[in-house]
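Inside the fold
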Amino acid sequence: MTNDITAHTQLVGLIGWPVGHSISPRMHNAAFNASNLDWCYVPLAVPDDPPERLAEAIHGLRALSFRGANVTVPHKQSVIQYLDELTDAAQTIGAVNTIIVQKDGVLVGDNTDARGFIADLLANGMDPSRKRVLVLGAGGSARAVVTGLAEMNVNAIMLANRTVSKAEELTSAVHERYPDIDIEVVNLPGDVSDLDADLIVNCTSVGMEPDSHNMPWNRDIPFQAKHFVYDLVYNPSPTLLVRFASECGAHAVNGKGMLVWQGALAFECWTGHPGPVDVMKASIGD
Ligand code: ATR
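Residues numbered from 1 in each chain as written. Predicted model: local features only at pLDDT ≥ 70, side-chain atom pairs only at ≥ 80, totals over all residues. Heavy atoms only, no water.

**Details of unusual backbone geometry**
With an omega dihedral of 5°, the bond running from Val73 to Pro74 counts as a cis peptide bond. Along the chain, Pro74 falls in the loop between strand E3 (68-71) and strand E4 (85-86). In this chain, Glu209 is followed by Pro210 through a cis amide linkage whose omega measures 5°. Its place among the elements puts Pro210 in the loop between strand E10 (199-202) and strand E11 (228-231). The backbone phi angle of Asn36 is positive, close to 55°, even though this residue is not glycine. (Helix = DSSP H or I, 4+ residues; strand = E, 2+ residues; numbered from the N terminus.)

Structure (structure tokens):
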């Protein structure tokens, strides 16, 4: 699949290190083609050493009249200092995954991960409002997930992490913005035996290639049909956690849908057109 490059082609890209494994270029270029937009999405490998490379890259977006960019590991937090404005979502999550270059050159940082997660949950028939949610992990993606859940007025969140202090830090940060949300911090895996949760979300990296033979869950605690298990990990597909949960009769999905939705929302930020979710999903396969 190739997009024709013309003298008018508008550019966006993915800033990260490394970026070679990313499926975002394929997904976005398929979306531009399907939407008849003369746009192109390119990988932009920006090393984190020396640190000034990131500043140069961000200034370069403006200098080269890029319309925007996605930002991934390891720059999602460090990029903030080079941007002019942040949306509420980016401020709350404390990380940027989407930059919009406005016509006046102002660089706006947004984060579509929380909205993307919720959009995919809803698309899968799970409305988290007033539900009890068990979140595994307390890193960057957990922060986006918990922010999305807080916006949806969940009943309560149990936050389970191997390093309990990180879960406590995340709880304090979320409480600054959502003081009323009920969050209980527990130790992963030790204290996760009470399955009084409707929705279980894996935000740890356990189970991700090449760690595909592991899962962040104790096999002695079977899921039940009433549980909805969402694994942010999508490589491999299915993950061991998704396989185990499905075998137990639970509804289980991986994080590919979130990847697509966060991309569709970024697409809309840049182009003003809704991202063609089905095209984007089809472009990255199962
Ligand atoms: P991301 O941006 O994908 O969230 P991250 O911020 O590095 O990545 O967070 C990784 C998460 O996976 C953390 O919650 C981490 O737990 P710790 O805070 O204790 O490090 C969790 N994690 C990674 N490897 C793990 C393992 N082997 N067992 C349990 N949790 C693990």
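**Some points on the pattern of salt bridges**
Evaluated as defined, the whole model comprises six salt bridges. Its salt-bridge partner being Asp84, residue Arg62 comes within 3.3 Å of it at the nearest N-O pair. Here Arg62 is found in helix H2 (residues 52-63), whereas its partner Asp84 is found in the loop between E3 and E4, with 22 residues between them in sequence. In this structure Asp84 comes out as partly exposed when scored by relative accessible area, which is 44%. Asp196 is the salt-bridge partner of Arg132, the closest N and O atoms lying 3.5 Å from each other. Of this pair, Arg132 sits in strand E7 (residues 132-136) while Asp196 sits in the loop between strand E9 (183-187) and E10, and the two are 64 residues apart along the sequence. For Arg132, a relative accessible area of 23% corresponds to the partly exposed category. In this structure Asp196 comes out as partly exposed when scored by relative accessible area, which is 43%. (Salt bridge = Lys/Arg side-chain N within 4 Å of Asp/Glu carboxyl O. Buried < 20%, exposed > 50% of the residue type's maximum accessible area, 1.4 Å probe, protein only.)

**Comments concerning the site of the ligand**
Lining the immediate environment of the ligand, one finds Gly137, Ala138, Gly139, Gly140, Ser141, Asn161, Arg162, Thr163, Lys166, Thr204, Ser205 and Val206. At a separation of 2.8 Å, an oxygen atom of the ligand approaches a polar side-chain atom of Asn161. Protein chains bury 64% of the 630 Å² of accessible surface belonging to the ligand in isolation. Partitioning the shell around the ligand into residue classes produces two nonpolar, eight polar and two charged. (Near = heavy atom within 4 Å. Polar contact = N/O pair within 3.5 Å; in protein donor to acceptor, adjacent residues only side chain to side chain. Areas by Shrake-Rupley, 256 points an atom, 1.4 Å probe, with all protein chains shown as cover. Nonpolar A, V, L, I, M, F, W, Y, C, P; charged D, E, K, R; others polar.)

**Regarding the nonpolar core**
Ranked by size, the top nonpolar core spans 29 residues in total, and within it Phe117, Val135, Leu149, Leu199, Val201 and Tyr230 carry the most contacts. For this core, the secondary-structure elements that each account for two or more residues are helix H4 (113-123), E7, helix H5 (140-151), strand E8 (156-161), helix H6 (164-177), E10 and E11. For this core, the element with the highest residue contribution is H5, accounting for five residues. The residues contacting Phe117, other than those within four sequence positions of it, are Val145, Leu149, Val201, Tyr230, Leu232 and Met258. Formed by 22 residues, the second largest nonpolar core is a distinct cluster that contains Leu14, Val19, Trp39 and Met280. (Core = buried A, V, L, I, M, F, W, Y, C linked by side-chain atoms within 4.5 Å. Contact = heavy atoms within 4.5 Å.)

**Structural notes on the environment of Ala173**
Along the chain, Ala173 falls in helix H6. Along the backbone, Ala173 and Ile93 are 80 residues apart, and their C-alpha atoms lie at a distance of 8.9 Å.

**Brief notes about the sheet that holds E4**
Here six strands make up an open sheet; going across it, the order is E2-E1-E3-E5-E6-E4 and the pairing mixed. Lying at the two open borders of the sheet, with one neighbouring strand each, are strand E2 (39-45) and E4. In this sheet, strand E5 (residues 98-101) lies alongside E3 in antiparallel orientation, the contact comprising three bridges. Bridge pairing in E5 places Ala69 opposite Ile99. Helix H8 (residues 256-271) contacts strand E1 (10-16), E2, E3, E5 and strand E6 (107-110) of the sheet and is inclined by roughly 10° relative to E5. (Pairing = 2+ DSSP bridges. Axes fitted to C-alpha atoms, helices over the stretch in contact; angles between N-to-C directions.)

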